[in-house]
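Chain by chain, the residues run as shown.
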There are 4 protein chains.
Amino acid sequence: MIIVMSHQATSAQVQAVVDRVKEIGLRPEVSFGEDRAVIGVIGANAYAYREAFSHLPAIQEIVPITKPYKLASREFQPRDTVVDVGGVAVGGEEVVVMAGPCSVESREMLVETARHVAGQGARILRGGAFKPRTSPYSFQGLGKAGLEMLAQAREETGLRVVSEVLSASDVELVSAYVDMLQVGTRNMQNYTLLQEVGRCGKPVLLKRGMSATVEEWLLAAEYILSQGNRNVVLCERGIRTFETSTRFTLDLNSVPLVRELSHLPVIVDPSQGTGRWSLVRPMSLAAVAAGAHGLLIEVHPRPDEALSDGAQSLDFDGFDRLMHDLRRLVGATTAQPA
Amino acid sequence: MIIVMSHQATSAQVQAVVDRVKEIGLRPEVSFGEDRAVIGVIGANAYAYREAFSHLPAIQEIVPITKPYKLASREFQPRDTVVDVGGVAVGGEEVVVMAGPCSVESREMLVETARHVAGQGARILRGGAFKPRTSPYSFQGLGKAGLEMLAQAREETGLRVVSEVLSASDVELVSAYVDMLQVGTRNMQNYTLLQEVGRCGKPVLLKRGMSATVEEWLLAAEYILSQGNRNVVLCERGIRTFETSTRFTLDLNSVPLVRELSHLPVIVDPSQGTGRWSLVRPMSLAAVAAGAHGLLIEVHPRPDEALSDGAQSLDFDGFDRLMHDLRRLVGATTAQPA
Amino acid sequence: MIIVMSHQATSAQVQAVVDRVKEIGLRPEVSFGEDRAVIGVIGANAYAYREAFSHLPAIQEIVPITKPYKLASREFQPRDTVVDVGGVAVGGEEVVVMAGPCSVESREMLVETARHVAGQGARILRGGAFKPRTSPYSFQGLGKAGLEMLAQAREETGLRVVSEVLSASDVELVSAYVDMLQVGTRNMQNYTLLQEVGRCGKPVLLKRGMSATVEEWLLAAEYILSQGNRNVVLCERGIRTFETSTRFTLDLNSVPLVRELSHLPVIVDPSQGTGRWSLVRPMSLAAVAAGAHGLLIEVHPRPDEALSDGAQSLDFDGFDRLMHDLRRLVGATTAQPA
Amino acid sequence: MIIVMSHQATSAQVQAVVDRVKEIGLRPEVSFGEDRAVIGVIGANAYAYREAFSHLPAIQEIVPITKPYKLASREFQPRDTVVDVGGVAVGGEEVVVMAGPCSVESREMLVETARHVAGQGARILRGGAFKPRTSPYSFQGLGKAGLEMLAQAREETGLRVVSEVLSASDVELVSAYVDMLQVGTRNMQNYTLLQEVGRCGKPVLLKRGMSATVEEWLLAAEYILSQGNRNVVLCERGIRTFETSTRFTLDLNSVPLVRELSHLPVIVDPSQGTGRWSLVRPMSLAAVAAGAHGLLIEVHPRPDEALSDGAQSLDFDGFDRLMHDLRRLVGATTAQPA
């Protein structure tokens, strides 16, 4: 941590900061520049003590110099993490496609979708059983019955399954049915939930909060990692900005950035991220070109009849066209196709 | 709901929309303008069926015409709601000041603070026992021990008490100690928690999500109201914007806006909202001038030693100065002082 | 400037940074912390050389330690600037109200408005002759004819006049008619224009760019100040955020913040900032409570007939009510009424 | 335009709206739904009259139903526009790379860069002669001398040239030297400048304003088109959001969206958009995968010595690697390489 003094700070004020640093048990290093003093504060976890300086006079700014996350950082682990989702490797050479309906609506529709996406090369089936909805009057998902349908679809198709868990008390239940637990954007800072999925052994798909910085997202991952669960896959899903022509602003910049800062795999959800099905194909290709390890795609046999998010779901033809273009793209770039 | 067709839509495409409207059991009203057709869709809750049109060709836009919340709206209840928090009326003439430390740190410090703020006219004591922290390595609060200290401080000072609840499974525990449950910004869309506080009878202080629109905030209130709990107080606490010189952007516009749209009381938290103690006093005065029913203020006897958020806490002198200015302001405006 | 090295930086990499610092003619001060080296770079305007380090390996971050603006800072000039606008002091004790129509539409309507607002205590007449409009098909203002009407209204009422200038080539023309030149939000970073108004002697009302940080706003003021014109009044007018229920998010936090950082006066435009006339009165009161030196208010005798921005204009009754409440508020707080 | 009445509107209030519609010379169509009336307002350019309704009582909302831009829309011109930049076609099959230094710094450096990028397949040389800088104390560009260097580099390499113009009064000067005029992000709503480049015949590269919606960007294009200049190329360059780990948030969603809404070509600037050279290559590939017609890339022979924006410039090796990967990508997708 570095403490920058105001250019009007008196010697006594600088000394007061130095004394406080020593009181806490840290080591001060004072340096006088052209027009102001700067005090380096040295010691493990020094930034945690920043509040101790927040009301001393004549301080202009307090600057951290170490990143607040550790286990999630590439400094801590230089090699890429590859997460094993029931035998499917996420974070390696293969671009892993996870596809399926926004909500599980019925057994027939789910199996129909699962068979179709499996036939096109998807490896993991997505589908919401517990749905977080902005309005209390919207369809809230089938709950446990939906989980059972997902398990059946897995049996019939060999696909692995990912589904969202909304609260710590449901982690055990959902874990019994799925291969990967999804933590949604509205729960990225639900720390009770993060700790609970951290204590369970299942892989976790951690969506970025819609107003979370990349640093906060990695800190949310740190909550899970620090409980002992190292199987975290990050998922960019769009942030909230002033632009309203798309539902969110899918932030692909985060993909290469996360790959610089962290060893964790990162995938992209262009369905949620754009909210417009016509943008899903181009933004999927862009995501893979930017370095994403996989995609999360909403597919529905008849989007017009979807109980949620039909406007951003691909129909089967749209999904086939995406997978066709994806195979050509992946063939041309470093990562290898399935 | 209104469906606006593209100006190139054919008669057959317009007819397809009309047919779909009838299939669903709603009533279509087609109107031909200068250069395009517009179809009014009439029937209760018509907008809930919007997905049914999302993939039909030649539709330009689908526009809702009723607000998605009902119980929270002023259309539903024209007169102001006044929430009774253990005998203190929030939402009436009095500007209610809630003050106390960010975190409960010790019994001594809490009682010292409670006595001081009570002496200055505060009516409710705030203090975090369960703390949601961005980093897993930060102080997470004293938990149940903190709640016991809050109850003791209430007994000694007569202040009412508000404290945050982080998960549905803690609602019963926290309710046993406090007069009002706080739902924090990171949990504004934790629907499991909203439903649980909706089922309990206690007043709820619902903070605005840091990236929530006013409409989403009122929908979160609707989750609580629709479970039967009508004692909801809204709290503006700053939104996330591009500006970094303040920790968040305290959005005072939401105060008169919420008062137009809803009958629920609304208070303001300038400590969280700005993150800078030097801005707390002016922004508190501004909040009350804009029509806030109360304030939530972080006060610490020695902010330099605070375990969290010292940089945004007032010390006792700062709080006294705020209360002094507030009394002058309230005397001059419509609302009457305590 | 401080250069923070990565924790994996080798001694040779640290030395390369030190060598570069010396080459440039600056002085390095190396300090070794727990897990990484930090290099202070000392010398006037050191941060201007930051690009020289941007591609050296093993640098984690480069942190400036002095503010980039000088003449606008309170460090440079501790006492408040008071700007003389044709005899009206902006930045002193009086809360100066500037009011009038969004656009000058006709001589009659302008004089009618000017007389009314003068009668209520406004000191400066606002009115657009050159209008920046998002669409090329919207009304663009009366131009020179509008300026002449403003000059006539001044003569008849004694009000001072402020009007927007859109380009450097119009500065001379507009200056001939008005007492204060307005630089609009869309031109806050039109540096050609800033330099030109900096070379002319007239007071300048500098609106905050809708996506400008407070620091960038003060740097825009610095452009004007550095050309020799010290008569700059800042105007907060709302920033662009994700919230769409108001046209912009009026950021009142900037008022006390600017007063901390700078000696320049700051006023607030709640009409542009909220875009809803029903919010203008409460947000005006809030602005003054937060410390604003004045207000810029859109008033129209018949807002329904306005050629621009009727939705955010007060009618005469609304303006009278605002002025009434403002007098009560100002009487109660430190600043004194007109 | 559609006017939605409040559910409490009386018949007299609905009638007042209908009367106003007729007064203006437009045609009203009233439709009564479940709980409120909706009035369609029919006639050319009806939305321009929305202010006429802004103060009538009991109106809930006014909704436009036609897009405010015409010449820029795909409805107006279904086929893609291809802009001829001195013989280079922008908007066709070829992905056009425009590369060069942020600022023109010297003749030697410029020619060295031009030769290198031409050798790798770039078609257009970029370089700033007039630089818009946030601080008045930063390097402001070489001005006319820089333009002369660009013209020389064109002669020596055969590359076409694009450079920024900052004010209407410089359009003639800059036009004499370059093949395409760039309007920068800070000037996207400098309407004086837009009209002037609209009157000159040169192709215009119109950067998106950092806080402009896609609709406002297309309206800025409309300013140029409506003056008779149809040679507009759009350039996505990042928007301002809460995320600070990148300088801006490059919004690739705008690429397929603009291609849906408009016939104009769209290219991407990942250097400005991310502000980090390490992200330029992946985001360039992503841009092309998303459908961009070209790229604008900052390249500097020695970024450490750059007078501006070195942190986001590629060196020659980095540029070569980008062009290599780009050739593989373009070979794999629909668009064909040069």
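So, how was this worked out
Residues numbered from 1 in each chain as written. Chains lettered and ligands numbered in written order. Predicted model: local features only at pLDDT ≥ 70, side-chain atom pairs only at ≥ 80, totals over all residues. Heavy atoms only, no water. Axes fitted to C-alpha atoms, helices over the stretch in contact; angles between N-to-C directions. Helix = DSSP H or I, 4+ residues; strand = E, 2+ residues; numbered from the N terminus. Parallel < 35°, antiparallel > 145°, perpendicular 65-115°, else oblique. Left-handed = near helix turned anticlockwise from the far one by under 90°. Contact = heavy atoms within 4.5 Å. Expected span 1.5 Å × (residues − 1). Buried < 20%, exposed > 50% of the residue type's maximum accessible area, 1.4 Å probe, protein only. Arc of directions from axis to C-beta. Least-squares fit on C-alpha atoms with pLDDT ≥ 70 in both. Pairing = 2+ DSSP bridges. Right-handed = clockwise from strand over helix to strand, strands pointing away. Salt bridge = Lys/Arg side-chain N within 4 Å of Asp/Glu carboxyl O. Buried area = accessible area lost by both parts, 1.4 Å probe. Polar contact = N/O pair within 3.5 Å; in protein donor to acceptor, adjacent residues only side chain to side chain. Disulfide = S-S within 2.5 Å.

**What about the packing of helix 9 (residues 277-289) of chain A against helix 7 (residues 254-261) of chain D?**
The interhelical angle for the contact between helix 9 of chain A and helix 7 of chain D, taken along N-to-C directions, is 135°, at an axis separation of 9 Å. Our classification of the angle between helix 9 of chain A and helix 7 of chain D gives oblique. Read as a crossing pair, helix 9 of chain A and helix 7 of chain D show a hand that is right-handed. Listed contacts from helix 7 of chain D to A:Ser278, A:Leu279, A:Pro282 and A:Met283 of helix 9 of chain A are D:Pro256, D:Leu257 and D:Glu260.

**Digging into helix 1 (residues 11-24) of chain B**
Residues and elements named next belong to chain B. With 14 residues, helix 1 should reach 20 Å at 1.5 Å per residue; the first-to-last C-alpha distance of 20 Å fits that figure. Those residues of helix 1 that fall on the buried side of the exposure criterion are Val14, Val17, Val18, Arg20 and Val21. Viewed end-on, helix 1 has its buried residues packed into an arc of 160°, placing them on one side of the element. Away from its buried face, by an angle of more than 90 degrees, helix 1 presents the exposed residues Ser11, Ala12, Lys22 and Glu23.

**Focus: the relation of the copies chain D and chain C**
Structural alignment of chain D on chain C gives an RMSD of 0.0 Å, achieved by rotating through 180° and translating 0.0 Å along the axis. Seen this way, the second copy is the image of the first under a two-fold rotation axis. Closest approach to the rotation axis among the C-alpha atoms of chain D is made by D:Ser211, whose C-alpha sits 2.9 Å away. When the interface residues of chain D are mapped onto chain C, 98% of them are again interface residues, pointing to one common binding face.

**Quick word on the pairing of strand 11 (residues 204-207) of chain D**
All names here are of chain D. Alternating positions in strand 11 separate into two faces, Val204 and Leu206 on one and Leu205 and Lys207 on the other, with burial throughout. With three bridges joining them, strand 10 (residues 180-183) and strand 11 adopt parallel strand pairing. Considered in strand 11, the bridge of Leu181 is made with Val204. For the segment spanning strand 10, helix 5 (residues 191-199) and strand 11, crossover handedness is right-handed. One ladder, built from four bridges, connects strand 11 with strand 12 (residues 232-236); its direction is parallel. Across the sheet, the residue bridging to Lys207 is Cys235, located in strand 12. As a crossover connection, the stretch from strand 11 through helix 6 (residues 214-225) into strand 12 is right-handed.

**Side note on the pattern of salt bridges**
Enumeration according to the criterion identifies 80 salt bridges over all chains in this entry. Between C:Arg126 and C:Glu298 there is a salt bridge whose closest N-O contact spans 3.8 Å. Of this pair, C:Arg126 sits in strand 8 (residues 124-126) while C:Glu298 is found in strand 14 (residues 294-298), placing the two residues 172 residues apart along the sequence. In this structure, the salt-bridge partner of D:Asp325 is D:Arg281, at a minimum N-O distance of 2.4 Å. You can see D:Asp325 sitting in helix 10 (residues 316-332) and its partner D:Arg281 sitting in helix 9 (residues 277-290), a full 44 residues away along the chain.

**Observations concerning the interface of chain D and chain C**
If you look at the interface, chain D gives 43 residues, while chain C gives 42 residues. Contact between chain D and chain C buries roughly 3,700 Å² in total, counting both sides, with carbon and sulfur atoms accounting for 48%. Summed over the shared surface of chain D and chain C, the result is two salt bridges. Contributions of two or more residues to the side of chain D that touches chain C are made by helix 5 and helix 6 of chain D. The element best represented in the side of chain D that touches chain C is helix 6 of chain D, accounting for four residues.

**Details of the interface of chain C and chain B**
Interface size is commonly expressed as the accessible surface area that is lost when the partners come together. Taken together, the contacts link 36 residues of chain C with 36 residues of chain B. In this assembly, chain C packs against chain B so that about 2,800 Å² is buried in total across both faces, 63% of it on carbon and sulfur atoms. The tally of links between chain C and chain B comes to four salt bridges. Of the charged contacts in the structure, one is a salt bridge between C:Arg208 and B:Glu243, with a shortest N-O distance of 2.7 Å. Linking chain C with chain B are ten residue pairs in polar contact (both at pLDDT 80 or more), by the criterion used here. Taken together, the elements giving at least two residues each to the side of chain C that touches chain B come down to helix 7 (254-261), helix 9 (277-290) and helix 10 (316-332) of chain C. Of the residues forming the side of chain C that touches chain B, the biggest block, eight residues, is contributed by helix 9 of chain C.

**Some remarks on the relation of the copies chain C and chain B**
Mapping chain C onto chain B is achieved by rotating through 180° and translating by 0.0 Å along the same axis, at an RMSD of 0.0 Å. Most of the interface of chain C is mirrored in chain B, where 100% of its interface residues again form contacts.

**Let's talk about the state of the cysteines**
All names here are of chain D. Evaluation of the coordinates by the stated rule reveals zero disulfides over all chains. With no disulfide partner, Cys200 has as its closest neighbouring cysteine sulfur the one in Cys235, 18 Å distant. Residue Cys200 is classed as buried on the basis of its relative accessible area, which comes to 16%. A disulfide-free cysteine, Cys235 has its sulfur positioned 13 Å from the sulfur of Cys102, the nearest such atom. You can call Cys235 buried: its relative accessible area is 0%.

**Comments concerning helix 7 of chain D**
Most of helix 7 of chain D sits out of view: six of its eight residues are buried. Residues of helix 7 of chain D that are buried include every one of D:Ser254, D:Val255, D:Pro256, D:Leu257, D:Val258 and D:Leu261, and no others.

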